Amino acid sequence: MIRLEGITKAYGDYPALKGLDLSVRDGEFLALLGPSGSGKTTLLRIIAGLAFPDAGRVLFNGEDVTDLQVAERKVGFVFQHYALFKHMTIADNVGFGLSVRARRERPGRAAIRARAHELLDLVQLGGLGERYPAQLSGGQRQRVALARALAVEPQLLLLDEPFGALDAKVRKTLRRWLRELHKQMGLTSIFVTHDQEEALELADRVVVMDQGRIEQIGSAEQVYMEPASAFVADFVGETCVLPGGVHVRPHDIEIVSDVGHPVVVGNVFRKGGMWRVEGALAGHDRLVEFDLESRLVPPGLGQTVYIRPRRMKIFEATERNAP
Amino acid sequence: MSARTLDRPRLALVLAALGFLALFLLLPLVVVFVEALRQGLGAYAAALVDPDALSAIRLTLLVAAISVPVNLVFGVLAAWAIAKFDFPGKSLLITFLDLPFSVSPVVAGLIYVLVFGAQGWLGPWLEAYDIQIVFAVPGIVLATVFVTFPFVARELIPLMLEQGRDDEEAALSLGASGLQTFLRVTLPNVRWGLLYGVLLCNARAMGEFGAVSVVSGHLRGMTNTMPLHVEILYNEYNFVAAFAVASLLACLALLTLVLKTALEARFHNSNRKA
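Scoring rules and cut-offs
- Residues numbered from 1 in each chain as written.
- Chains lettered and ligands numbered in written order.
- Predicted model: local features only at pLDDT ≥ 70, side-chain atom pairs only at ≥ 80, totals over all residues.
- Heavy atoms only, no water.
- UniProt positions renumbered as here; feature names shortened; annotations may be inferred.
- Helix = DSSP H or I, 4+ residues; strand = E, 2+ residues; numbered from the N terminus.
- Expected span 1.5 Å × (residues − 1).
- Buried < 20%, exposed > 50% of the residue type's maximum accessible area, 1.4 Å probe, protein only.
- Arc of directions from axis to C-beta.
- Axes fitted to C-alpha atoms, helices over the stretch in contact; angles between N-to-C directions.
- Left-handed = near helix turned anticlockwise from the far one by under 90°.
- Contact = heavy atoms within 4.5 Å.
- Nonpolar A, V, L, I, M, F, W, Y, C, P; charged D, E, K, R; others polar.
- Phe/Tyr/Trp six-rings, centres within 6.5 Å; stacked < 30°, edge-to-face > 60°.
- Lys NZ or Arg CZ within 6 Å of the ring centre and 35° of its normal.
- pLDDT = per-residue confidence, 0-100.
- Core = buried A, V, L, I, M, F, W, Y, C linked by side-chain atoms within 4.5 Å.
- Buried area = accessible area lost by both parts, 1.4 Å probe.
- Salt bridge = Lys/Arg side-chain N within 4 Å of Asp/Glu carboxyl O.
- Pairing = 2+ DSSP bridges.

Let's shift gears to the UniProt feature "domain: ABC transmembrane type-1" (unreviewed entry) in chain B. Mapped onto this numbering, the UniProt entry annotates "domain: ABC transmembrane type-1" (unreviewed entry) at residues 57-258 of chain B. As a span, residues 57-258 of chain B carries 79% helix and 0% strand, and end to end its C-alpha atoms are 22 Å apart.

Let's shift gears to helix 3 (residues 109-122) of chain A. Residues three or four positions apart in an α-helix share a direction because the helix packs 3.6 residues into each turn. Residue and element names in this part refer to chain A. End to end, helix 3 covers 20 Å across 14 residues, agreeing with the expected 20 Å (1.5 Å per residue, within 8%). Those residues of helix 3 lying buried are I112, A116, L119 and L120. Angular distribution of buried residues about the axis of helix 3 spans 105°; they occupy a single face of the element. Residues of helix 3 that are exposed and point over 90 degrees away from its buried face: A110 and D121. Looking one or two places after helix 3, you find Q124, whose phi comes out positive at around 60°.

According to UniProt, the "domain: ABC transporter" (unreviewed entry) feature falls on residues 2-236 of chain A. With 36% helix and 26% strand, the stretch residues 2-236 of chain A has end C-alpha atoms that lie 25 Å from each other.

Moving on, we get to the packing of helix 3 (residues 51-84) of chain B against helix 11 (residues 191-207) of chain B. Between two packed helices, both the angle of their axes relative to each other and the distance between the axes serve to describe the pair. All names here are of chain B. For the pair helix 3 and helix 11, the least separation of the axes is 9 Å and the interaxial angle reads 145°. As helix 3 runs across helix 11, the sense of the crossing is right-handed. Two secondary-structure elements touch here, helix 3 through T60, L61, A64, S67, V68, N71, L72 and V76 and helix 11 through L194, V198, C201, N202, A205 and M206. When the residues that make up the contact of helix 3 with helix 11 are grouped by side-chain class, the tally is ten nonpolar, four polar and no charged.

Glancing now at the packing of aromatic side chains. All names here are of chain A. Per the stated rule, a full pass over the model turns up 14 aromatic pairs over all chains. Taken together, a centroid distance of 4.6 Å and an interplanar angle of 45° make the contact between F77 and F79 tilted. Pair check on accessibility: F77 and F79 agree, each one buried. Consider the rings of F231 and F235, whose centres lie 5.4 Å apart with planes at 10°: the pair is stacked. Of this pair, F231 and F235 are both found in helix 8 (residues 230-235), four residues apart, which corresponds to roughly one turn of the helix. Judged by relative accessible area, which is 7%, F231 ranks as buried. Geometry around W177 places R143 over its ring, the cationic atom sitting 5.9 Å from the centre. If you follow R249 out to its NZ or CZ, it ends over the ring of Y224, 4.1 Å from the centre.

It is worth spelling out the confidence of the model for chain B at this point. On average, chain B scores 87 in pLDDT, and the residues at 70 or more come to 95%. In the model of chain B, helix 6 (residues 123-128) of chain B stands out as the element of lowest mean pLDDT, 80, in contrast to helix 9 (residues 166-173) of chain B, which has the highest, 94.

Residue and element names in this part refer to chain A. Despite not being glycine, N61 has its phi angle at roughly 50°, a positive value. Here N61 shows up in the loop between strand 4 (55-60) and strand 5 (63-64). With a phi close to 60°, Q124 is a non-glycine residue in the positive phi region. Here Q124 shows up in the loop between helix 3 and helix 4 (138-151). Judged by relative accessible area, Q124 falls into the exposed class, the value being 53%.

For the rest of this paragraph, the subject is the nonpolar core. In a soluble, globular protein the nonpolar side chains are often hidden away together inside. All names here are of chain A. Counting residues in hydrophobic clusters, the biggest one holds 42 residues, and the most contacted among them are V94, L146, L157, L178, V206 and V208. For this core, the element with the highest residue contribution is helix 4, accounting for seven residues. With sequence-adjacent residues up to four places away left out, V208 is seen in contact with L33, R213, I214, E215, Q216, V223, F231, V232 and V236. Ranked by size, the runner-up nonpolar core spans 40 residues in total, among them L17, I47, V70 and V192.

A separate point is the interface of chain A and chain B. The figure often quoted for interface size is the accessible area lost as the parts come together. Taken residue by residue, the interface counts 22 residues in chain A and 20 residues in chain B. The contact between chain A and chain B buries some 1,900 Å² in all, and 60% of this surface belongs to carbon and sulfur atoms. Summed over the three residues of chain A that lose the most area to chain B, namely K86, H87 and V100 of chain A, the buried surface amounts to 30% of that side. Our count for the chain A to chain B interface comes out at one salt bridge. Across the salt bridge formed by E169 of chain B and R45 of chain A, the nearest N and O atoms sit 2.5 Å from each other.

So, about the sheet that holds strand 2 (residues 14-24) of chain A. Residue and element names in this part refer to chain A. With respect to topology, four strands assemble into an open sheet ordered 2-1-4-5, the strand pairing being antiparallel. Looking at which strands have only one partner, the edges of the open sheet turn out to be strand 2 and strand 5. Relative to strand 5, strand 4 is paired through two bridges, and the arrangement is antiparallel. The partner of L59 across the bridge, within strand 5, is D64. Contacts from helix 1 (residues 40-48) reach strand 1 (2-11), strand 2 and strand 4, with the element oriented near 120° to strand 1.

Residue and element names in this part refer to chain A. Taken in spatial order, the five strands line up as 13-17-14-15-16 in an open sheet, and their pairing is antiparallel. Every interior strand has two partners, whereas the edge strands, strand 13 (253-256) and strand 16 (287-293), have only one. Between one strand axis and the next, the sheet turns by 50° as a mean value, whatever way the strands run.

Turning our attention to the UniProt feature "transmembrane region" (unreviewed entry) in chain B. Residue and element names in this part refer to chain B. Following the UniProt record, the feature "transmembrane region" (unreviewed entry) maps to residues 60-83, 95-119, 131-153, 194-219 and 239-263 here. Along residues 95-119, the helical share is 80% and the strand share 0%, with 30 Å between the first and last C-alpha atoms. With 81% helix and 0% strand, residues 194-219 has its two end C-alpha atoms placed 35 Å apart.

Residue and element names in this part refer to chain A. Throughout the structure, instances matching the rule amount to 31 salt bridges over all chains. A salt bridge links R311 to E226; the shortest N-O distance between them is 3.2 Å. Taken together, the positions of R311 in the loop between strand 17 (304-309) and strand 18 (313-314) and E226 in the loop between helix 7 (220-225) and helix 8 put the pair 85 residues apart, joining distant regions of the chain. A salt bridge links E226 to K313, with the nearest nitrogen and oxygen atoms 3.3 Å apart. In this pair, E226 is assigned in the loop between helix 7 and helix 8 and K313 in strand 18, connecting sequence segments 87 residues apart. Assessed through its relative accessible area of 26%, K313 is described here as partly exposed. Ionic contacts of the salt-bridge type, sharing partners, join the residues E238, K271, R276, E289 and D291 into one network.

See below:
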């Protein structure tokens, strides 16, 4: 189990992490979700030993590893841009972690090659071992980076924006594949993302971060359905804010005959299997959007409709001030 | 209209540029070889095997053979420290790296005379131990090292900064030591840039005149490098010999250019592939 206690980190005058605590269970797939500048990558690097906290402790299985370097922590780290060694073949990349071991612990050349090819098979890249990183596609490179990190048999796998540099289609396939791989191996894994969809789809638990703090920790379901703060409601999934600090999901809004908030319809289009209606909340300088079932006839442009939330969360009117 | 067609003003501009190039770059180069061969191949060869010329060639090779490896090591270390680590005084170090480019080589030579010369700060001490630096080979090497110091580091720093620290961090996270990371990841990543820097460093080391002239003392057959030997011969109106030795330096320049072009092509390819 991994425990973080009171992790604080500042870059110059800029506070990146403001004293946060977190426990990661064994075998868990955990997402650190937040906008850029929320401190999620810094936190991941601190867990890895690539960055060090100004205060606080990092514990692996009860052992204090706060002052240990990355090499001593037995973690696998997958970089956002993969950081493959471009002058080495794919097989040499994957075998690198084994080949730099001290002579006593280092497997023979043949054993390293065999292990590299085994791992390449695991990430479905068998047969590409003799190529160079430049000859692979983004998705393939990503999987090489993963195989390379797994080669050293880490006790923890850390992934920094693992799908950030890939196009939407590859991203989706890889996401599913990674989820399966995690199920198979049961390796404790933490990944950083700013994409809420990714976090909700992959992670057992999601840690929502903002401005160096943890806003909420919970399952995808909890974070989406029971957001703990206005920020979480806003950042995870789509949210409309109605007067009185009422936060409501677009699909939790219904049209009623007259006892609701009047909305002047501005735009109507198909979104997924629903109608998406965008409009201006009358009397407030505010846009709202909501979904209507596709079998209904959508309102026309310029028409005034009355809406009512079916399900909502109320947060005190804390208009978030930009940092 | 195809873009290849040159209209009149463009043609005039191109011709002017080519004419300028021919007049100031090509013509002097041709003159060096023409003058060197004016009295035939025999005189040319004789000028090159003259004992003083041979000594100058040997000294130039010796100076380059010492100063290039020294600057290779220090340049790589300086670039590595600057590009991959944060430490106080980093910007000061970068400024110092550029010092040899901003100071006149003559001043650089003079500094060494003032420090190590007989009348200099360390003069009496050096004399007491019978160590000769100025007007001897050590002084020439020191001056050359100073003048050529920025080449390797300046070539590597932007390259290393652009590559970032991800590769190094990846290597470290896989359990590599700092030295393993440096040798197996950092160095291979910059190998073409490094070779390029070494090439320029070598060209300058062999061709340096100003700084070396001040510290050399111009002792024939002893402390004359090729550029200094050329000057002496020229001042003695021994034009054929002067141009013969100069033609060797010109060949070095041409060779450097060819290698540089080849390296650049290689360098850009390997960068684009990434």
